[in-house]
Amino acid sequence: MSIAATWVMGDPQAPFETVLAVLRNHGALDGDRLRAGVRLISVGDHFDYDLENPVAAGREGLRVLRWLTSHDAAQVTVLLGNHDASRVMELAALDDAEFAAAQTLARSILATRRHDGWEAAEHREAVEFRPRFPSVPTIGLVARDYAGFHTEQRTLVMELLLAGRFHLAATERLPDGRPVLITHAGVVQRELDLLGIADEREPAVIAAALEARLQAGVEHCRASWERGIVEPLSLAPLHLPGDPEAGEGGGLLYHRPASPDRAEADRGWEMNASRPRRFDPHELPLGLTQIAGHTGHTKCVAELGDWPTERARARRRGGIRTLRRGEDGTIIYDLGVLERSADVSDLILVDGEMARVEPVSYQLLPLAWSADALPRTPP
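Residues numbered from 1 in each chain as written. Predicted model: local features only at pLDDT ≥ 70, side-chain atom pairs only at ≥ 80, totals over all residues. Heavy atoms only, no water.

Novice: I'm lost on the sheet that holds strand β13 (residues 289-292) in this one. Help?
Specialist: Each strand in a sheet pairs with its neighbour through backbone hydrogen bonds, running either in the same direction (parallel) or in the opposite one (antiparallel). As summarised here, the arrangement of the six strands in space is β7-β8-β13-β16-β14-β15, forming an open sheet in which the pairing is mixed. The open sheet has two edge strands with one neighbour each: β7 (170-173) and β15 (331-335). Across this sheet, the average inter-strand angle for adjacent strands is 25°, counted without regard to direction. Taken together, the four bridges between β13 and strand β16 (residues 344-349) define a ladder with parallel strand orientation. Looking at the pairing, A292 lines up with L349 of β16. Those strands touched by helix α9 (residues 203-226) are β7 and β8 (179-182), and its axis lies near 20° from that of β8. (Pairing = 2+ DSSP bridges. Helix = DSSP H or I, 4+ residues; strand = E, 2+ residues; numbered from the N terminus. Axes fitted to C-alpha atoms, helices over the stretch in contact; angles between N-to-C directions. Contact = heavy atoms within 4.5 Å.)

Novice: So what exactly am I meant to see when it comes to unusual backbone geometry here?
Specialist: Between A236 and P237 the backbone carries a cis peptide bond, its omega angle lying at 0°. Looking at the secondary structure, you find P237 in the loop between α9 and β9 (239-240). The phi angle at D343 is positive, at roughly 60°, despite the residue not being glycine. Among the secondary structure elements, D343 is positioned in the loop between β15 and β16.

Novice: Would you explain the nonpolar core in this entry?
Specialist: Note that soluble globular proteins tend to have their nonpolar side chains buried in a common cluster. Core analysis: the biggest nonpolar cluster contains 56 residues, and L23, L34, L161, W225 and L233 have the highest contact counts within it. Broken down by secondary-structure element, the contributors of at least two residues to this core are β1 (5-9), α1 (16-25), β4 (38-42), α2 (54-69), β5 (76-79), α7 (151-162) and α9. Not counting chain neighbours up to four residues away, the residues in contact with L23 comprise M9, A28, L29, L34, L40, W67 and L364. If you look at the next biggest cluster of nonpolar residues, it comprises 19 residues, including A106, F129, F133 and I139. (Core = buried A, V, L, I, M, F, W, Y, C linked by side-chain atoms within 4.5 Å. Buried < 20%, exposed > 50% of the residue type's maximum accessible area, 1.4 Å probe, protein only.)

Novice: Could you clarify how one ought to interpret the environment of T138 in this entry?
Specialist: Within the secondary structure, T138 sits in the loop between α5 (118-132) and α6 (139-145). Each C-alpha atom of the pair T138 and E90 lies 9.8 Å from the other, and the pair is 48 residues apart in sequence. Beyond its immediate sequence surroundings of up to four residues, T138 is in contact with R130, G247 and E248. Within the structure, the side chain of T138 is placed 3.1 Å from the backbone nitrogen of L141, a separation counted as a polar contact. (Polar contact = N/O pair within 3.5 Å; in protein donor to acceptor, adjacent residues only side chain to side chain.)

Novice: Please clarify how the pairing of β8 should be interpreted in this entry.
Specialist: Working note: regular strand, side chains alternate between the two faces of the sheet. Sheet topology places β7 next to β8; four bridges connect them, and they run antiparallel. The residue of β8 that forms the bridge with A170 is I182. Turn length for the β7-β8 hairpin, with the two strands adjacent in sequence and antiparallel, is five residues, and the turn residue G177 shows positive phi of about 95°. Across two bridges, β8 lies against β13 in parallel orientation. By the bridge assignment, I182 is partnered in β13 with I291.

Novice: What is the right way to look at the packing of α7 against α9 in this model?
Specialist: Helix-helix packing is described using two parameters, namely the angle between the two axes and the distance between the axes. Their axes nearest at 9 Å, the elements α7 and α9 cross at an angle of 120°. Judged on the interaxial angle alone, α9 and α7 are oblique. The interaxial crossing formed by α7 with α9 has left-handed handedness. Contacts between α7 and α9 involve M158, L161 and L162 from the former and L214, V218, R222, W225 and E226 from the latter. (Parallel < 35°, antiparallel > 145°, perpendicular 65-115°, else oblique. Left-handed = near helix turned anticlockwise from the far one by under 90°.)

Novice: In this structure, what is going on with the pattern of salt bridges? I would like to understand it.
Specialist: Where charged atoms of side chains with opposite charge meet at close range, the side chains can pair. Applying the stated rule across the entire model yields 21 salt bridges. The partner of E128 in a salt bridge is R124, with the nearest N and O atoms 2.8 Å apart. Of this pair, E128 and R124 are both found in helix α5, four residues apart, which corresponds to roughly one turn of the helix. Residue classification places E128 among the partly exposed positions, given a relative accessible area of 34%. Two residues, R178 and D346, come together in a salt bridge whose shortest N-O distance is 2.9 Å. Note that R178 is positioned in the loop between β7 and β8 and D346 in strand β16, a separation of 168 residues in sequence. (Salt bridge = Lys/Arg side-chain N within 4 Å of Asp/Glu carboxyl O.)

Novice: Looking at this structure, I do not really get the side chain of T183. What am I missing?
Specialist: With respect to the helices, strands and loops of the structure, T183 is situated in the loop between β8 and α8 (189-195). Here the side chain of T183 touches G186 through a polar contact of 2.9 Å, landing on its backbone nitrogen. The residues contacting T183, other than those within four sequence positions of it, are V43, L79, L168, A169, L210, Q290, I291, A292 and G293.

On their own, these measurements won't tell you what the molecule is for.
Pasting the structure below:
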């Protein structure tokens, strides 16, 4: 297939028809299929966008993920996000009835927290929730974070992992020729250290190391999954799922950029060395250009302290944005893709909060096509 256009799509946490409308607005569809000559990279997270109607949102997530992976792997690359991974990690032990019961009780406890305070809620959690649902890391996980869960989603994620359709990373080139690493939430020095490639800056080498780690995790689970046994996927220590003892998960698929010096920062929780929920942009590896989703503009403006530019602060919701670390330690967060510069680290963020904006205004990121830029899966 001859490729005429390659697009990166930010987290498609939105109704199926919204996803199609976004793609149609960019001229990427022929009817309800990707047209020939279009290649699409989804940066992950296909579930959990509507707390008001999580059941419907769960069904829509299935439609989106099935539609994407119904295309040939050479045309559509799907990255694994934390919302996808949770189905075979934090939620691996729950069936639908257990999840529904846990969610109902968790939401009741959150209501207690709002009306009667933290102490009363924590008492209920310890006495009512924890003995009944010992495998659930936090009440927020079932009440909010992964509210649209259904075991049908878990089955699909397992099938796609076994078939090699989910990836941790892909490589491509920007229109200005820069090679770029594409992941769900970005790579900082922590991940390079854990992979044993601390000084590596070549996107293809980093992607291959990440893909090898994912493949190893899937192969460990393959025999169980093929027998219908839901053994939790492990990507430790790169990515740590939520745990009843350790609390919320952190690392590769969870972390997002934040200023550790902002007034409301909780360094102990955010920058936990083993399971970080946030990362200091000064940890972005100099000389590496990346594309990631996971973090929308609203959260960036709220958590990046003084680093957003005036025009970034002026926009309520942003599409394509760049977080840049300079060699001199300066950090800039601005709209669009910043002009190529030597000795910097650029993290281009593409989560445009799809369910919260009009499809006509949602931006896809165009890339240059290279025949050897497909995800690298070791033999």
